[in-house]
Amino acid sequence: MRPRSLQLRAPRSEYEWDRLHAIRRTCIFDVYHPPDGPWPCEYDPAHPDDRDPANRPLLLVVDGELAGTLRVDLKPDGRAVVRLVALDPKFRSGGLGASMLEMAEAQARASGARALCVNAQPEVVGFYARQGFAPGRWEGCTACPRGIPMTKVLAGELSAVPGPRRVAPGLGFRKAA
Ligand SMILES: CC(C)(COP(=O)(O)OP(=O)(O)OC[C@H]1O[C@@H](n2cnc3c(N)ncnc32)[C@H](O)[C@@H]1OP(=O)(O)O)[C@@H](O)C(=O)NCCC(=O)NCCS
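Per-chain numbering applies: the sequence of each chain, read as written, is numbered from 1 onward. Whole-chain, interface and lining totals are the exception, using all residues; otherwise, since this is a predicted model, local features are given only for residues with pLDDT of at least 70 and side-chain atom pairs are given and counted only at 80 or more.

Participant: So what's going on with the overall build of the chain? Which residues, and what values?
Facilitator: Each helix and strand counted, the chain has 3 helices and 7 strands in total. Starting at the N terminus and ending at the C terminus, the chain contains elements arranged as β-α-β-β-β-α-β-α-β-β. Exposure in this text rests on C-beta crowding, where 20 or more other C-beta atoms within 10 Å of a residue's own make it buried, 12 or fewer make it exposed, and counts in between make it partly exposed. The C-beta atoms are placed from the backbone. Within the chain, buried positions represent 28% of all 177 residues. Contact between residues is assigned whenever the C-beta positions, reconstructed from backbone atoms, fall within 7 Å. For the chain, the proportion of contacts with a sequence separation of at least 24, taken over those separated by at least 6, is 57%. The helix and strand labels rest on DSSP assignments: H or I over at least four residues marks a helix, E over at least two residues marks a strand, and numbering proceeds from the N terminus.

Participant: Break down the confidence of the model for the chain for me, with residues and values.
Facilitator: Averaged over every residue, the pLDDT of the chain is 90; residues scoring 70 or more account for 88%. Within a predicted model, pLDDT stands for the predictor's per-residue confidence, ranging from 0 to 100. Contacts for the low-pLDDT stretch residues 161-177, under 50 throughout, to residues beyond four places or in other chains number 26 contacts.

Participant: Summarise the site of the ligand; cite the residues concerned and give the values.
Facilitator: Each residue receives a C-beta atom placed from its backbone. It is near a molecule or strand if this atom lies within 6 Å of it. Around the ligand sit 19 residues, and of these Arg-92, Gly-97, Ala-98, Gly-126 and Phe-127 come closest. Those elements that place two or more of their residues in the shell around the ligand are helix 1 (14-32), strand 4 (79-87), helix 2 (96-110) and helix 3 (125-130). Only Asp, Glu, Lys and Arg are considered charged, only Ala, Val, Leu, Ile, Met, Phe, Trp, Tyr, Cys and Pro nonpolar, and every remaining residue, Gly among them, polar. A class-by-class count of the residues in the shell around the ligand yields 10 nonpolar, 6 polar and 3 charged.

Participant: If you had to explain the pairing of strand 2 (residues 55-62) to someone new, which residues and values would you point to?
Facilitator: With 6 of 8 residues buried, strand 2 is to be regarded as a mostly interior element. Note on pairing: DSSP must find at least two bridges between two strands before they are called paired. Of the strand pairs in this sheet, strand 1 (residues 6-9) and strand 2 are connected by 4 bridges, and their pairing is antiparallel. In the sheet register, Arg-9 faces strand 2, and the bridge partner there is Leu-59. Bridging between strand 2 and strand 3 (residues 65-74) involves 8 bridges; their strand directions are antiparallel. Bridge pairing in strand 3 places Val-61 opposite Leu-66.

Written out as structure tokens, the structure reads:
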């Protein structure tokens, strides 16, 4: 059924932050970075990147329910990086992921972004490709060999940056011994 209302907005209470962290933890970190897997990474709900004024942690609210989350990080060079994209399983496969990404794109455009970047898990490259992203490295893209950097140009030309891959502070990946 089509939702009557759809919002992508900042969390407004402790409860909403807890829900955002829970979705990230269970849908991303537990799945792609478990402690006994090849790319362990412990989720940090107090990560300073969530408090950076250039970064917007957002919740998808579907008919009043907290259904999903992503973060839009605005970069001074005109890129917006979409990170930590996840929907609660009961909201998947009905077009809400695409809607959430479209709303993030609209917010990024409104803030002047000329390109969207993402580090896609291999399992969801097709999802981003449906939304117009193409594989290609970008400045600051993931250092995790599992991740697939992708870009969607929104306006004009933004060349791919072949610089060294780096790990965001506190989001380092280490190989299991
Ligand atoms: C990725 C995710 C947000 C997609 O949300 P969703 O609501 O299931 O996706 P949608 O129903 O909006 O799908 C939009 C389109 O992408 C396609 N798609 C969705 N997931 C896909 C996948 N894993 N592989 C290929 N195509 C996919 C859909 O078929 C649909 O195509 P259509 O436009 O032809 O119908 C959701 O599956 C999720 O939260 N996954 C777990 C967390 C995760 O992997 N996050 C990404 C980290 S990079």
